[in-house]
Amino acid sequence: MKNILLNSLPLSILLLGGCSFFGAANEENNETIPTNAREALAATATMIDTEGNEMGVVELTESSEGVRIHVKLENVPEGEHGFHIHEVGKCEKPTFESAGAHFNPKGKEHGFDNPKGFHAGDLPNISPDENGSVDIEFIAKNITLEKGKENSLFDEDGSSVILHEAPDDYKTDPSGNSGSRIACGVVESN
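Residues numbered from 1 in each chain as written. Predicted model: local features only at pLDDT ≥ 70, side-chain atom pairs only at ≥ 80, totals over all residues. Heavy atoms only, no water.

*Asks:* Explain the environment of glutamate 78 to me, and be specific about the residues and the numbers.
*Replies:* Looking at the element boundaries, glutamate 78 is found in the loop between strand E3 (66-73) and strand E4 (83-86). What makes glutamate 78 exposed here is its relative accessible area of 78%. Sequence separation between glutamate 78 and serine 133 is 55 residues; the distance between their C-alpha atoms is 9.5 Å. (Helix = DSSP H or I, 4+ residues; strand = E, 2+ residues; numbered from the N terminus. Buried < 20%, exposed > 50% of the residue type's maximum accessible area, 1.4 Å probe, protein only.)

Listed below in structure tokens is the structure:
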């Protein structure tokens, strides 16, 4: 029993001493440890269909790898759909043509498989499950939420996210033959 107490004594002292052994707090002079972490930039786009019904939300968060995009939608028609960021933050029903072309600050051609592409707003196709729901996350490396940057979604006229009726073929300029626009959401800063 004496051996167990002696062996656990250093652990007990460490636990009782807590963070002060590692310099995390200094009660005598109230020093705090500064942090360099800043709050992540974030934005959302509430998606509406051509009749104005809400379909869900697209959450965008700046990360060290690029902008993390989390798509959470309901009532998405069956099949694969093109999904893009467009150059204007406006979603006028029913065609959403007000959103303009794909977000393309570098003036490239469309498509991940196009040797002259791709647009910064080109994103992967999405497909709903059997219930019409989409819950997917991916990284877009060629955009930012930081204002004042060339590839910022928050330029003078903003940006929007568009869901198309057909899949993007990833090569045909200017929109990958992805068909009409069936849902839209204006990207808004949180």
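*Asks:* An account of the pairing of strand E6 (residues 160-164) is requested, with residue identities and associated values reported.
*Replies:* When you tally the buried positions in E6, you get five out of five residues, the bulk of the element. Of the two faces of E6, the one carrying Ser160, Ile162 and His164 and the one carrying Val161 and Leu163 are both buried. Across four bridges, E4 lies against E6 in antiparallel orientation. Within E6, the residue paired with isoleucine 85 across the bridge is valine 161. In this structure, E6 lies alongside strand E7 (residues 181-186), joined through five bridges in antiparallel fashion. Looking across to E7, one finds that isoleucine 162 is bridged to cysteine 184. (Pairing = 2+ DSSP bridges.)

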